[in-house]
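Residues per chain are reported as follows:
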Amino acid sequence: MKPGIVQRIFNDHFYKYSRNKILHSREKDAAVSIMTCRTPAQGYHIDACPNDDYQTTVLNSCRHRACPQCGATGTQLWLERKKAQALDCPYFHVIFTISHDLHIIWRYNRKLFTSLFMQGAWHSLRELLLDWRHLGGLVGAVAAFQSWGDEMLEHLHLHFIVTAGGLNEDGRWVRADEKLLWAPALASKFRGKFLAYLREAFSPYTPTGKPKPEEKILRPPDGMSVQQCLNLINKLGRKPWHVKIEPKYEHANGVFKYVGRYIRRGPISERRIIGYDGREVTIAYPHREKQEASTFKIDAQSFIRRILDHVPAKGTHVVRSFGLFHPNCREKLNLARSLLGQDPYEPSQKIPTAQELLSRMYPDKEIGRCPYCKAELRTVFIYRGGSGSEWRRAA
């Protein structure tokens, strides 16, 4: 369907949906942003030709991470930076999944839970791969947290993109085997570490007896005590967990694009919405080979709930870099690059404009250019709209 279909569904049904509900501020902010994106409520900016041949007024985007209309240029910038940093080697795709019984703890502790989830997965990978019996080297990894499945229902899992090789203690590059690790061993290690981190996070004190800041303490869900949460954690420690290791990819471009989809735009791309009759939404499955049907239908209010259920808490990092790709490991990364025949990685100090990014994304289209002299348009005036900043000239 046409771009803006999610906005239309929200404008048609959100006020009825929210009438008898107590919504979290993150849900309200997301809904208002989606409904006002690229409307006068968000303000506008003026793009002008440097030769004074042309100017146009453009409505501002909301730039909310849950809005499916926004985030294209932000994702493109992230992809360009990751491709510039990438090591010239194959990559593995590792998926960590947790029990649905833990979802209730995540709902009440989204930011801290997500951080502990990533730490548990990375520490498990790092510990096993540093062991000479498996690899004996430090790998580079990028992790993306995803809280939804194909039907936008809760399904918490992590995607890890891991280099098929690492830097050992002697400063040599060691290549990984065809399967990287034995998945059940990684799952067992992850289960132990993650549950230990959760158990520790329910305590108001550090292991040395010092009080923790409030943001470092997990709070029990309504209707549950801390002891009940600990009992649940102990119970899950006796069950098998699942980790999937996909066959390796020969280069990073495809896997980084896959991870890039989870940085912004929420749990659904508007391209998947193939029908809306004012009451029901028809959605195509993203992995049709895994489903009996190619589409599914839900009513509009359920659609809104499933979108808002997955809005991250403020400050949550849903994509993170580890190992050789961590900013603190630049020296080791460049050593690995030299061993693989690549130039040293130096982050670009210049941030490209939105117009520059759009021209790279759509090289066959003259987006952001003067229709007369073909010069790149420049933003010369911005009005933020609402209660934001006053009128100002662009730098």
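Structure shown above.
Residues numbered from 1 in each chain as written. Predicted model: local features only at pLDDT ≥ 70, side-chain atom pairs only at ≥ 80, totals over all residues. Heavy atoms only, no water.

Some remarks on the packing of aromatic side chains
Two measures describe an aromatic ring pair: the distance that separates the ring centres and the angle between the ring planes. How we decide: Each aromatic pair joins two rings of Phe, Tyr and Trp (for Trp, the six-membered one) with centres within 6.5 Å, and gets the label stacked for planes under 30 degrees apart, edge-to-face for over 60, and tilted for any other angle. In this description a helix means any DSSP run of H or I spanning at least four residues, a strand means any run of E spanning at least two, and both kinds are numbered starting from the N terminus. The rule is simple: take the accessible area with a 1.4 Å probe, protein chains only, and divide by the maximum for that residue type; under 20% is buried, over 50% is exposed, in between is partly exposed. Two limits define a charge over a ring: the Lys NZ or Arg CZ must be within 6 Å of the ring centre, and within 35 degrees of the ring normal.
The final tally for this structure, using the stated rule, is 20 aromatic pairs. Measuring from centroid to centroid gives 6.2 Å for W78 and F256, while their planes differ by 85 degrees, and the two rings are edge-to-face. With W78 in helix α3 (residues 72–85) and F256 in helix α8 (residues 253–260), the pair connects residues that are 178 residues apart, well separated along the chain. Note on F256: relative accessible area 1%, which makes it buried. Between the aromatic rings of F190 and W241, the centroid separation amounts to 5.6 Å while the plane-to-plane angle is 70 degrees, which identifies the pairing as edge-to-face. Here F190 is found in helix α6 (residues 183–201), whereas its partner W241 is found in the loop between α7 (226–236) and β8 (242–245), with 51 residues between them in sequence. For the pair F190 and W241, a shared accessibility class is recorded, and that class is buried. Through pairs of rings, three or more aromatic residues link up here, namely F96, W106, F113, F117, W122, F145, F160, F190, F194, W241 and F322. The residue whose ring lies beneath K21 is Y17, and the NZ or CZ to ring-centre distance is 4.3 Å. The ring of W106 has R110 sitting right over it, with the charged end atom 4.2 Å from the ring centre.

A short note on the sheet that holds strand β9 (residues 273–276)
Operational definition: In this description, strands pair whenever DSSP reports at least two bridges between them. In this description, a line fitted to the C-alpha atoms serves as the axis of each element, helices being fitted only across the stretch in contact, and the angle between N-to-C directions of two axes falls anywhere from 0 to 180 degrees. By the convention used here, residues are in contact when the closest approach between their heavy atoms is within 4.5 Å.
Taken in spatial order, the three strands of this open sheet run β9-β10-β11, and their pairing is antiparallel. Each edge of the open sheet carries a strand with a single partner, namely β9 and β11 (295–299). The sheet shows a mean angle of 20 degrees between the axes of neighbouring strands, direction not considered. In terms of strand pairing, strand β10 (residues 280–284) meets β11 through five bridges, oriented antiparallel. By the bridge assignment, A284 is partnered in β11 with T295. Running at roughly 30 degrees to β9, helix α1 (residues 5–18) makes contact with β9 and β10 of the sheet.

Scope: geometric values only; no functional claims are made or implied.
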